[in-house]
Amino acid sequence: MLKPELREKYKNLRADITPSQASDLGLVLANGLLQIPIWDFFYYHIFLSIEEKNEVDTLPLITLLQGKDKNIVVPKVSGKNSMENYLLTDSTPLKKSVWGVPEPIDGIEIPESKIDVVFVPLLAFDTLGNRVGYGKGYYDTFLNKCRKETVKIGLSFFGAENEQITDVNENDVKLDYCITPEKVYEF
């Protein structure tokens, strides 16, 4: 299947999820995270959810990571296809971007080379670990700057597409895992 078709399909499926369901499913995904061997790392990059787009609620994951005394890093768009990464603390000021993404205004910047685990936003993924995002390339650009061994984890309300994504290109970065309410996929 092609990425534009999958974007449309999963935006429509996601639109049927209520905010309450998204919150409940966020808790289920956080529990699924406990099945993945990532707890010896230090820096965990996580996206902050766009509520208006019914994205996976990442607050339960952030709470879980905080409870395990992990360093949480959040993104801020800094230009075309580029992001800066800031340590999330109790005093990190956040402001919604023009896209509705909560972003840090400033703070302690963390280089990509220090990030051990990245929770990747997505609309869809296939059984090979290819993902479909919103199509702007921010995360693929960012992931290509991270270390090769950085663990990449997708979060999805829906299972993998059985049909392979056919328009994958050389800049697309595959997932290592994807957590869904029913299953944790490993690629």
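Residues numbered from 1 in each chain as written. Predicted model: local features only at pLDDT ≥ 70, side-chain atom pairs only at ≥ 80, totals over all residues. Heavy atoms only, no water.

Here we take up the overall build of the chain. The number of helices and strands found in the chain is 4 helices and 11 strands. Taken over C-alpha atoms, the radius of gyration comes to 15 Å for the chain, in line with the 16 Å a tight globule of 187 residues would show. Going through the 187 residues of the chain one by one, you find that 51% of them count as buried. Restricting the contact set of the chain to residue pairs at least 6 apart, pairs at least 24 apart contribute 72%. Counting every atom, the chain has about 9500 Å² of accessible surface; 51% of that belongs to carbon and sulfur. Looking at charge distribution, the chain has the averaged site of its 21 positive side-chain charges lying 3 Å from that of its 28 negative ones. (Helix = DSSP H or I, 4+ residues; strand = E, 2+ residues; numbered from the N terminus. Rg over C-alpha atoms; globule rule 2.2 N^0.38 Å. Buried < 20%, exposed > 50% of the residue type's maximum accessible area, 1.4 Å probe, protein only. Contact = heavy atoms within 4.5 Å. Areas by Shrake-Rupley, 256 points an atom, 1.4 Å probe, with all protein chains shown as cover. Lys, Arg positive; Asp, Glu negative; His and termini not counted. Charge placed at Lys NZ, Arg CZ, Asp CG, Glu CD.)

What follows concerns the nonpolar core. By size, the foremost hydrophobic cluster in this structure holds 55 residues, and its most contacted members are L33, I38, V118, F119, F142, I153 and L155. Contacts of I153, omitting those with residues within four sequence positions, involve L33, I36, I38, V117, V118, F119, V120, L175, Y177 and I179. (Core = buried A, V, L, I, M, F, W, Y, C linked by side-chain atoms within 4.5 Å.)

With that settled, the discussion passes to unusual backbone geometry. Positioned with a positive phi, D69 is a non-glycine residue whose angle comes to about 55°. Residue classification places D69 among the exposed residues on the basis of a relative accessible area of 70%.

Mean pLDDT over the chain works out to 93, with 100% of the residues at or above the 70 mark. The secondary structure element of the chain with the lowest average pLDDT is helix α2 (residues 19-33), at 88, and the one with the highest is strand β10 (residues 177-179), at 98. (pLDDT = per-residue confidence, 0-100.)

Within the structure shown, the criterion is met by 6 salt bridges. With a closest N to O distance of 2.7 Å, K9 and E161 form a salt bridge. Remark: E161 occurs in the loop between β9 (151-155) and β10 and K9 occurs in helix α1 (residues 3-15); sequence separation between them is 152 residues. Using a relative accessible area of 35% as the deciding quantity, one classes K9 as partly exposed. In this structure, E149 engages R147 in a salt bridge whose closest nitrogen and oxygen atoms are separated by 3.0 Å. Using a relative accessible area of 54% as the deciding quantity, one classes E149 as exposed. Judged by its relative accessible area of 26%, R147 is partly exposed. Residues participating in the shared-partner salt-bridge network are D116, R147 and E149. (Salt bridge = Lys/Arg side-chain N within 4 Å of Asp/Glu carboxyl O.)

Moving on: the pairing of strand β1 (residues 43-46). Residues of β1 alternate between two faces, with Y43 and H45 on one and Y44 and I46 on the opposite face, all of them buried. With 3 bridges connecting them, β1 and strand β2 (residues 71-79) associate as parallel partners. The partner of H45 across the bridge, within β2, is V73. Relative to strand β6 (residues 117-120), β1 is paired through 3 bridges, and the arrangement is parallel. Along β6, the bridge assignment pairs I46 with F119. (Pairing = 2+ DSSP bridges.)

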